[in-house]
Amino acid sequence: MIICCHDQNGLQCYHHTNFQCWTQWFDIDNPSGNGDVDNLNRLQRRYPGKVCPNPSDIEARTLSGLTPQKAGDIIKISDTNTGLICRKRDQPDRRCADYKVRFSCPPPYCADTVCWTRWYDRDDPSGTGDWKTLTALRNQNRGDICKQPLYIEAVTADTLTPAINTGEILCVQSNKRLYLP
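Along each chain, numbering runs from 1 in the same order as the chain's sequence is written. Local features in this predicted model are restricted to residues whose pLDDT is 70 or higher, and side-chain atom pairs enter the listing and the counts only when it is 80 or higher, whereas totals over whole chains, interfaces and linings include all residues. Values shown for side chains rest on all heavy atoms present in the structure; no hydrogens or waters enter the calculation.

S.K.: Quick one: what's the story with the environment of Cys52, residue by residue and with numbers?
M.R.: A run of H or I in DSSP counts as a helix once it spans at least four residues, and a run of E counts as a strand once it spans at least two, with each numbered from the N terminus. In this fold, Cys52 is placed in the loop between α1 (40–46) and β4 (57–62). Owing to a relative accessible area of 3%, Cys52 belongs among the buried residues under this scheme. Each C-alpha atom, one on Cys52 and one on Phe103, is 8.2 Å from the other, the two residues being 51 residues apart in sequence. We call two residues in contact whenever any of their non-hydrogen atoms come within 4.5 Å of each other. Filtering out sequence-adjacent residues up to four positions away, Cys52 remains in contact with Gln44, Ser104, Cys105, Pro106 and Tyr109. Accessibility here uses a 1.4 Å probe with only protein chains present; expressed as a share of the type maximum, an area under 20% marks a residue as buried, one over 50% as exposed, and anything in between as partly exposed.

S.K.: An account of unusual backbone geometry is needed here, citing residue identities and associated values.
M.R.: In this model, Arg94 sits at a positive phi of 60 degrees, which is unusual for a non-glycine residue. Summarising the element assignment, Arg94 is placed in the loop between β6 (83–87) and β7 (99–105).

S.K.: Would you mind going over the state of the cysteines in detail, with residue names and values included?
M.R.: Only a pair of cysteine sulfur atoms within 2.5 Å counts as a disulfide in this structure description. In this structure the tally under the stated criterion is two disulfides. Each sulfur of the disulfide joining Cys52 and Cys105 lies 2.1 Å from the other. Residues Cys52 and Cys105 are joined through a disulfide that is left-handed, its torsion about the S-S bond being -75 degrees. Highlighted residues: Cys52 in the loop between α1 and β4 and Cys105 in strand β7, separated in sequence by 53 residues. For the pair shown, Cys52 and Cys105 are each scored as buried. Between the sulfur of Cys86 and that of Cys96 lies a disulfide, 2.2 Å long from S to S. Between Cys86 and Cys96, the S-S torsion sits near -95 degrees, and that sign places the bridge as left-handed. Taken together, the residues Cys86 in strand β6 and Cys96 in the loop between β6 and β7 connect sequence positions ten residues apart.

S.K.: Which residues make up the packing of aromatic side chains, and what values do they have?
M.R.: Pairs were defined over the aromatic rings of Phe, Tyr and Trp, the Trp ring being its six-membered one, requiring ring centres within 6.5 Å. Orientation was assigned from the angle between planes: stacked under 30 degrees, edge-to-face over 60, tilted for the rest. On inspection of all chains with the given rule, the structure shows one aromatic pair. Judged by centre distance (5.0 Å) and plane angle (45 degrees), the ring pair of Phe26 and Tyr47 falls under tilted. With Phe26 in the loop between β2 (21–22) and β3 (35–39) and Tyr47 in the loop between α1 and β4, this residue pair connects regions lying 21 residues apart in the sequence. In this structure Tyr47 comes out as partly exposed when scored by relative accessible area, which is 28%. One residue, Lys100, lies across the ring of Trp25, its end atom 4.9 Å from the ring centre. Criterion for a charge above a ring: Arg CZ or Lys NZ at most 6 Å from the ring centre, at most 35 degrees from the ring normal.

S.K.: Any chance you could break down the nonpolar core for me, citing the residues and the numbers?
M.R.: Judged by nonpolar contacts, the single largest core of 15 residues is most densely connected at Leu43, Val101 and Phe103. Elements represented by at least two residues in this core include exactly α1, β4, β6 and β7. A per-element tally of this core places β7 first, with four residues. In plain words, nonpolar cores are sets of buried Ala, Val, Leu, Ile, Met, Phe, Trp, Tyr and Cys residues tied together by side-chain atoms within 4.5 Å.

S.K.: Tell me about the sheet that holds β4, and name the residues and values.
M.R.: If you walk across this open sheet you meet the three strands as β2-β7-β4, and the pairing is antiparallel. Two strands bound the open sheet, and with one partner strand each, they are β2 and β4. Sheet analysis places β2 next to β7, joined by two bridges and oriented antiparallel. Along β7, the bridge assignment pairs Cys21 with Cys105. DSSP bridges decide pairing: two strands pair if at least two such bridges lie between them.

Printed below as a string of structure tokens:
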């Protein structure tokens, strides 16, 4: 099990390579001219080190927080290669809302600075399952785990296969407790 914490606790951080998080929101264009264009390449040049080279996802919202669908706009492009393009000519009213975008990237591109603990393997499976409780892990690793975990990830000890991909039933998985039957 590995635990994600805010980086402000002074704890040892391990940047977990499979973890994806969201960058901060960006808005580099206004819906003037032909529409609203928040181009990924322009964002990466304007904000070096803030957006990863190959984002895995994009999210767009109006400045007031609406999705493009709720705003009633037809989006020409919204992808991780280009960014977002809303063209006025595609809209019934010939207007685009003003959009902001963010991208899913691995740390250290996260909007909130987060880090991961080292992996913990508290016990072996028994007759009732494989129990990994946050309380037990904290008791065994005093001072190593933050007070308010953001995420917990569980993998198999032998192949590091994510627990959700094993086909086993996870009874409880939260930022407080994990039980693998």
